[in-house]
Amino acid sequence: DKSQPIPEDSDSPFLLVKAAFDCLSDTEKKRAYDSSLPFDETIPRGNESESEFYETYSPVFERNKRFASKQKRFKNPPSLGDDSTPLEKVHAFYEYWTHFESWRDFSLVASEELEHDIDMADCREEKRWMMKEIDRRAKALKKEEMSRINLLVERALNCDPRLRREKERERM
């Protein structure tokens, strides 16, 4: 990377625009930047009543859809729906979220957490060490995100009134 870091106190509009352009024109840098922006990662507790289910879970799934990678099986991520959604669509929704893939890149977040600036490394070995540490932390953050998504899906599956009714019908 040949771009020079911009000092935080830089007042040069040209340098700020150049840095922004460099970030936005590079897909990986843009994803890393977008992933570092504040995001509400809270998920419901899993003890919601049937009447609260849709208004509680729908916005959470919609919010997390932002980071969805394209899946071959689904052109568009399915929505949670409502009480009248056909069971095939409900199962497709959970199938999608069970196999959810996120494009989120935590390398910038990891770099900031570890306070490693690769451009300021004294030698190649130090730069490689920093990159390995950043990569290790980014993978751990990605794993935490996927655990959070899995917990969200698990809680929704347990609370979904449509699936509860289906199980009751199967018992009879």
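Up top you'll find the structure we're talking about.
For every chain, the first residue of the written sequence is number 1, and numbering continues from 1 along that sequence. In keeping with the model being predicted, local features are shown solely for residues with a pLDDT of at least 70 and side-chain atom pairs are shown and tallied solely at 80 or more, while totals for entire chains, interfaces and linings include all residues. Side-chain numbers here rest on the full set of heavy atoms in the structure, without hydrogens or water.

**Student:** Teacher, can you tell me more about the packing of helix α4 (residues 87-98) against helix α7 (residues 161-171) here?
**Tutor:** For any two helices packed against each other, one specifies the inter-axial angle together with the distance between the axes. To get an axis, a line is fitted to the C-alpha atoms, and for a helix only the part in contact is used. The angle between two axes follows their N-to-C directions and goes from 0 to 180 degrees. By the criteria applied, helices consist of DSSP H or I runs no shorter than four residues and strands consist of E runs no shorter than two, each listed in order from the N terminus. At their nearest, the axes of α4 and α7 sit 11 Å apart, and the two run at 120 degrees to each other. When you trace α4 past α7, the crossing you get is left-handed. Only Arg162, Leu163, Glu166 and Arg169 of α7 make contact with α4, whose side of the interface consists of Leu87, Val90, His91 and Tyr94. Residues are grouped as follows: Ala, Val, Leu, Ile, Met, Phe, Trp, Tyr, Cys and Pro are nonpolar; Asp, Glu, Lys and Arg are charged; every other residue, Gly included, is polar. Residue composition of the contact of α4 with α7, by class: 4 nonpolar, 1 polar and 3 charged. The crossing is said to be left-handed when, going from far helix to near helix, the turn is anticlockwise and less than a right angle, and right-handed when the turn is clockwise. Two residues qualify as a contact provided that any one of their heavy atoms is within 4.5 Å of a heavy atom in the partner residue.

**Student:** I would appreciate a short explanation of the pattern of salt bridges in the present structure.
**Tutor:** A side chain with one charge can pair with a side chain of the opposite charge if their charged atoms come near. The working definition used for a salt bridge is a side-chain nitrogen of Lys or Arg within 4 Å of a carboxyl oxygen of Asp or Glu. All chains considered together, the criterion is met by 13 salt bridges. Note that Asp40 is salt-bridged to Arg63, the shortest N-O span being 3.6 Å. One end of the pair, Asp40, is in the loop between α2 (27-36) and α3 (50-64); the other, Arg63, is in helix α3, and 23 residues separate them in sequence. Burial classes follow relative accessibility: with a 1.4 Å probe on protein chains only, a residue under 20% of its type's maximum area counts as buried, one over 50% as exposed, and anything between as partly exposed. Residue Asp40 is classed as partly exposed on the basis of its relative accessible area, which comes to 37%. Look at Arg63 and you get partly exposed, because its relative accessible area is 23%.

**Student:** Looking at this structure, how should I read the nonpolar core?
**Tutor:** Considering soluble globular proteins, one finds that nonpolar side chains tend to be buried as a cluster. Note on terminology: a nonpolar core comprises buried Ala, Val, Leu, Ile, Met, Phe, Trp, Tyr and Cys residues joined through side-chain atoms within 4.5 Å. By size, the foremost hydrophobic cluster in this structure holds 21 residues, and its most contacted members are Phe53, Tyr57, Phe61, Leu80, Tyr94 and Trp97. Those elements that provide at least two residues to this core are α3, α4 and α6 (124-159). Residue contacts for Phe61: discarding those within four places in its chain leaves Phe93, Trp97, Leu152, Val153 and Ala156. One finds Phe106, Val109, Ala110 and Ala138 within the second-largest nonpolar core, a separate group that totals 6 residues.

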